[in-house]
Amino acid sequence: MPELILTVLRLIFLALVYLFIWQVARAITRHIGLGQGQGRGSKRSVKQVAVIRSDTQGGMTFAVNGATVVGRSDQADVVIEDPYASEFHFRLVLSDGVLTVSDLGSTNGTYVNGKRITTPTNLRRGDALQVGKTVMEVR
């Protein structure tokens, strides 16, 4: 009888380990922006961000449909030509139709509607994002 109980407990433990690994994998894919808008018959939503004031990039528009890193580096998803921008300045994440901006520890800060942000901040249509001299608008 004790052997049967031990076998059942081992199986329960193994199931819990697999469940934990599955949850970690789901959290990682959500964090990096994979798999958003998939399943359950939902369409992937896309938000547009337009550069409305810049020395060199005025009028540029880019789409956000997951996680998008904006900065001065060539390795950023969207390159901003502003001397006050950090290599990787901020991250935009679109999840469940909500666009969120997070500063990535930039030296000069990220501003939403004129206020410096220190925590992830939800954005709405018409909100202004500022990096140095560059101003962008959520559309």
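As a reminder, the structure under discussion sits directly above these lines.
How each quantity is defined
Residues numbered from 1 in each chain as written. Predicted model: local features only at pLDDT ≥ 70, side-chain atom pairs only at ≥ 80, totals over all residues. Heavy atoms only, no water. Pairing = 2+ DSSP bridges. Helix = DSSP H or I, 4+ residues; strand = E, 2+ residues; numbered from the N terminus. Core = buried A, V, L, I, M, F, W, Y, C linked by side-chain atoms within 4.5 Å. Buried < 20%, exposed > 50% of the residue type's maximum accessible area, 1.4 Å probe, protein only. Contact = heavy atoms within 4.5 Å.

A. Up close: the pairing of strand S6 (residues 98-103). Across six bridges, strand S5 (residues 90-95) lies against S6 in antiparallel orientation. Bridge pairing in S6 links phenylalanine 90 to aspartate 103. What sits between S5 and S6 in their antiparallel hairpin is a turn of two residues, with aspartate 96 showing a positive phi close to 55°. Across three bridges, the pairing between S6 and strand S9 (residues 121-123) is antiparallel. Within the sheet, the bridge partner assigned to valine 101 lies in S9 and is threonine 121.

B. The nonpolar core, seen in detail. Counting residues in each nonpolar core, the largest one holds 20 residues, and the members touching the most others are Phe62, Phe90, Leu92, Val101, Leu123, Leu129 and Met136. Listing elements by their share of this core, those giving two or more residues are strand S1 (47-53), strand S2 (61-64), S5, S6, strand S10 (128-131) and strand S11 (134-138). The dominant element in this core, judged by the number of residues it contributes, is S5, at three residues. Setting aside residues no more than four positions away along its own chain, phenylalanine 62 makes contact with Lys47, Gln48, Val49, Val70, Val78, Leu92 and Met136.

Note that all results are geometric; they support no functional claim without further evidence.
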